[in-house]
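Summary of structural features
Now for the letters of each chain:
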Amino acid sequence: MNSGPLGLWINSGLADNSNAFPDDSDTIEALEKEIATGKYKFVFIDMISDYIRLEKIKLEDFKKRFIKKYPNVSFILIFEGTKSGGFKEDQGWTHLVDAIMTVEDFLIENRGRYGMGERVVWEEGFKKFNPKRYQEYLENKTTDTTEVIEEEQTENIPGPVTNVPEFSFQIQ
């Protein structure tokens, strides 16, 4: 299901979203100029490994030029995965982000400072490409749901929860 960036843009529905803007900036300077327009709340950088390799941008430089300079923008960085389960480039980048999500066989696995979890992107595809893991996922999902229901029935939580930080991928 590799349809390239344009195919993903169209198939995901982003092409029909008036608040989503594709950009093909191919240098750090061009990307920075585009973000400086102020029209973005979220910036997805696909193939960040290319910027790192071709532009020789280092982790600290990216942090200074983007993360700290644009604190109201959330950056979603998409790295190429390796067969060993890591990603190409310096593994120090894992300390820059709030969450790391790995997508394989239509299953997203998340870990980070906000907890961990998993979610199926496309159930039919997940079942077809990884039937064993699909079955495990269904069993865990049923167990997790049962535990939550039991907890809700036995615990009495007084009043609303306050002072809960808003979930964001932004680094302060």
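Structure shown above.
These remarks concern the structure in this document.

Analysis parameters
Residues numbered from 1 in each chain as written. Predicted model: local features only at pLDDT ≥ 70, side-chain atom pairs only at ≥ 80, totals over all residues. Heavy atoms only, no water. Helix = DSSP H or I, 4+ residues; strand = E, 2+ residues; numbered from the N terminus. Buried < 20%, exposed > 50% of the residue type's maximum accessible area, 1.4 Å probe, protein only. Core = buried A, V, L, I, M, F, W, Y, C linked by side-chain atoms within 4.5 Å. Contact = heavy atoms within 4.5 Å.

1. Comments concerning unusual backbone geometry
Apart from glycine, the bulk of residues carry a negative phi angle, and the bulk of peptide bonds sit in the trans form. Of note in this structure, Lys-56 is not a glycine but carries a positive phi near 60°. Secondary-structure assignment places Lys-56 in the loop between helix 3 (48-55) and helix 4 (59-67). What makes Lys-56 exposed here is its relative accessible area of 62%. Phi is positive for Phe-106, which is not a glycine, with a value near 70°. Note on placement: Phe-106 falls in the loop between strand 3 (99-104) and strand 4 (107-112). Its relative accessible area of 17% is what places Phe-106 among the buried residues.

2. Side note on the nonpolar core
Soluble globular proteins tend to pack their nonpolar side chains together in the buried interior. Core analysis: the biggest nonpolar cluster contains 21 residues, and Ile-45, Phe-62, Phe-66, Phe-75, Leu-77 and Trp-93 have the highest contact counts within it. Contributing elements (two or more residues each) for this core: helix 2 (28-35), strand 1 (42-46), helix 3, helix 4 and strand 2 (74-78). Among the elements that take part in this core, helix 4 stands out by supplying 4 residues, more than any other. Excluding residues that lie within four positions of it along the chain, Leu-77 makes contacts with Ile-45, Ile-48, Phe-62, Trp-93 and Leu-96. Core analysis: the second largest hydrophobic core is formed by 6 residues, Phe-106, Phe-126, Tyr-134 and Tyr-137 among them.

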